[in-house]
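The lines below spell out each chain.
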Amino acid sequence: MPIPSPGPAGSHLPEILRGLRIPVVASPMFIVSGPELVIAQCKAGIVGSFPALNARDVPGGPVVLEQWLQRINEELDRHNQANPDRPAAPFAVNQIVHRSNPRLERDVEICAKWKVPIWITSLGARPEVNEAAHSCGGIALHDIIDNRFAKKAIEKGADGLIAVAAGAGGHAGKQSPLALIAEIREWFDGPLLLSGSIATGRSILAARAMGADLAYIGSPFIATTEANAVDDYKQMIVESTAQDIVTSALFTGVSGNYLAPSVRRAGLDPDNLPQQQTDMSFADGESSKPKAWKEIWGSGQGIGAIRAVEPAGVLIDRLAQEYAQAAGALRRDIEAQGY
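Numbers given to residues run from 1 along each chain, matching the order in which its sequence is written. With the structure being a predicted model, the display of local features is reserved for residues of pLDDT at least 70 and the display and counting of side-chain atom pairs for 80 or more, all residues being used for whole-chain, interface and lining totals. Water and hydrogen atoms were dropped before computing side-chain values, which therefore reflect all heavy atoms in the structure.

Visitor: Is there a simple way to explain the overall build of the chain in this structure?
Guide: Each helix and strand in the chain was counted, giving 10 helices and 10 strands. Our radius of gyration is a C-alpha quantity, and the globule rule it is checked against amounts to 2.2 Å times the number of residues to the power 0.38. Radius of gyration (C-alpha) of the chain: 20 Å, near the 20 Å computed for a compact globule of 339 residues. By its C-alpha atoms, the chain is 65 × 45 × 40 Å across when sized along the principal axes. For the exposure calls, accessible area comes from a 1.4 Å probe over protein chains only, and a residue counts as buried if that area is under 20% of its type's maximum, exposed if over 50%, partly exposed in between. The burial tally for the chain puts 51% of its 339 residues in the buried class. Contacts are residue-level and defined by heavy atoms, with any inter-residue pair within 4.5 Å sufficient. A separation of at least 24 residues holds for 63% of the contacts in the chain among residues at least 6 apart in sequence. A 1.4 Å probe and the Shrake-Rupley method give the accessible areas. Residues count as covered only by the protein chains that appear here. Of the accessible surface of the chain, which amounts to about 15,700 Å², a share of 51% is contributed by carbon and sulfur atoms. For the chain, the distance from the average site of its 31 positive side-chain charges to the average site of its 37 negative ones is 1 Å. Helix and strand definitions follow DSSP, with helices as H or I runs of at least four residues and strands as E runs of at least two, each counted in order from the N terminus. As used throughout, the charge tally considers Lys and Arg to be positive and Asp and Glu to be negative, leaving His and the chain termini uncounted. Think of each charge as sitting on NZ of Lys, CZ of Arg, CG of Asp or CD of Glu.

Visitor: For this particular structure, what's the right way to read a positive patch on the surface?
Guide: Each patch is built from residues that are more than 30% exposed by relative accessible area and take part in no salt bridge. Like charges join if they lie within 9 Å; nonpolar side chains (Val, Leu, Ile, Met, Phe, Trp, Tyr) join within 5 Å. The salt bridge criterion pairs a side-chain nitrogen of Lys or Arg with a carboxyl oxygen of Asp or Glu, the two atoms within 4 Å. Where like charges cluster on the molecular surface, the positive patch consists of Arg99, Arg148, Lys152 and Lys156. Among the structural elements, lysine 152 can be located in helix α5 (residues 147–155). Overall, the relative accessible area of 38% leaves lysine 152 in the partly exposed class.

Visitor: How should I be thinking about the environment of isoleucine 110 in this particular structure?
Guide: Along the polypeptide, isoleucine 110 turns up in helix α3 (residues 104–113). Those residues in contact with isoleucine 110, other than ones at most four positions away along the chain, are Val63, Leu65, Glu66 and Leu69.

Visitor: How should the sheet that holds strand β3 (residues 91–96) be read in this particular structure?
Guide: Sheets are built from strands paired through backbone hydrogen bonds, the pairs being either parallel or antiparallel. The sheet built from eight strands is open, its strands ordered β1-β8-β7-β6-β5-β4-β3-β2 with parallel pairing. A strand with exactly one partner marks an edge of an open sheet, and here the two such strands are β1 (24–26) and β2 (48–51). Between one strand axis and the next, the sheet turns by 25 degrees as a mean value, whatever way the strands run. One ladder, built from four bridges, connects strand β5 (residues 139–144) with strand β6 (residues 160–164); its direction is parallel. Of the residues in β6, the one forming a bridge with leucine 141 is glycine 160. A fitted line through C-alpha atoms serves as each axis, taken over the contacting stretch for helices, and the angle formed by two N-to-C directions is quoted from 0 to 180°. Lying on the sheet, helix α1 (residues 35–43) is in contact with β1, β2 and β3; it crosses β2 at an angle near 160 degrees. When DSSP finds two or more bridges between a pair of strands, those strands are recorded as paired.

Visitor: Got a minute to help me understand unusual backbone geometry in this structure?
Guide: Note: most peptide bonds trans; most residues except glycine with negative phi. In this structure, isoleucine 31 takes a positive phi of about 70 degrees despite not being glycine. Position of isoleucine 31 relative to the elements: it lies in the loop between β1 and α1. One non-glycine residue, serine 197, adopts positive backbone phi at about 65 degrees. In this fold, serine 197 is placed in the loop between β7 (192–195) and α7 (201–210).

Visitor: Honestly, α1 in this entry has me stumped. Any pointers?
Guide: Because each turn of an α-helix spans 3.6 residues, side chains separated by three or four positions end up pointing in the same direction. Across the nine residues that make up α1, a large majority, seven, are buried. Those residues of α1 that are buried lie in contact with β1, β2, α2 (64–82), β3 and α10 (312–337). Directly after α1, the chain includes glycine 45, whose backbone phi takes a positive value near 105 degrees.

Visitor: Please explain the packing of aromatic side chains as it appears in this structure.
Guide: Each pair of aromatic rings is reported with the distance of its centres and the angle of its planes. The pairing test for Phe, Tyr and Trp rings, Trp by its six-membered ring, is centres within 6.5 Å, and the orientation test on the planes gives stacked under 30 degrees, edge-to-face over 60, and tilted for anything in between. Tallying each qualifying case throughout the model produces four aromatic pairs. Where phenylalanine 251 meets tyrosine 258, the ring centres are 5.1 Å apart and the plane angle is 75 degrees; that geometry is what we call edge-to-face. In this structure phenylalanine 251 comes out as buried when scored by relative accessible area, which is 1%. A residue is classified by how much of its surface remains accessible, and tyrosine 258, at 0% relative accessible area, is buried.

Visitor: How should the nonpolar core be read in this particular structure?
Guide: Side-chain atoms within 4.5 Å link the members of a nonpolar core, which is a set of buried Ala, Val, Leu, Ile, Met, Phe, Trp, Tyr and Cys residues. Within the largest apolar cluster, 51 residues are counted, with the highest numbers of intra-cluster contacts made by Ile22, Ile184, Ile204 and Phe221. Tallying contributions element by element places α10 first for this core, with eight residues. Ignoring any residue separated from it by four or fewer positions in sequence, one finds isoleucine 184 in contact with Ile144, Asn147, Ala150, Leu161, Ala163 and Leu192. Among the nonpolar cores identified, the runner-up in size contains 27 residues, and Ile110, Ala133, Cys136 and Ala140 belong to it.

Visitor: Would you mind showing me how to read the pairing of β2 here?
Guide: Along β2, one buried face is formed by Gly48 and Phe50 and the opposite face, lined by Ser49 and Pro51, is buried too. Classification remark: right-handed applies to a crossover when, strands pointing away from the viewer, the course from the first strand over the helix to the second runs clockwise. Handedness of the crossover joining β2 and β3 through α2: right-handed.

Below is the structure:
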């Protein structure tokens, strides 16, 4: 069933971002995103992604990032050969470009060697990383939380932007998506993605209507069978709603959104959290409290739409159906009402 187009957004996209089944990029999630999830996402027709730092080496062992890239490329190639009429979507790798990342230079070299098609950069804009992406034929998308950082990213060579608005999982922005997208579109007509509470086909359509080209979706994929998340985490996503999200800078030093039930289970009151990370010890063996990002679980506000743990392909099938239905219904309403 063809999906009705809601408007002209996306017509200026680079070739690599065109032809997706639905206009969606799966966001790279710390620990959760790995080869199994990325491959399932790409085979189902959306861009799958993972953080390079998720590929953790064992001392004396092989370079895990190389292994992951080889596996993803080989499995997607096999899929494309067997399904020429239904090829897989491209994949993306997220690089933390902050100076504190000791692996950045090595990981950039590896991604360039394997000709990663889409590079997602976070925590700083680095011209040399954008240049590395371009050197192997890739594009660079940089995530930002406000218009000032958006302009800096483009000035430093990023090809597109990921607007991380209020309600997104992990280190979310504070601005309404309506305000953030509108401000960026005043001066930028390139690839623009929107992140923040997008968990249904109707929300994907809303992102398009606001002026974004693609929706950037993370938290719903935590509750998939391919996600590298413990069962309790997945079930907590299913059982929680937007009301169960708490915002705090306690756990990483940067403001982020987390599941309140996981905070309670750690022995803390999500309504009265300490203000400083130093109020708690997360060192191995030093505290009975959980380590940051391990048992305090991040999530966006859109999880009320998630009803079950299921394969990523099933989730994407539903998003595609909802998107088509919402676009068709909106078009009919506009025509019927004359505006």
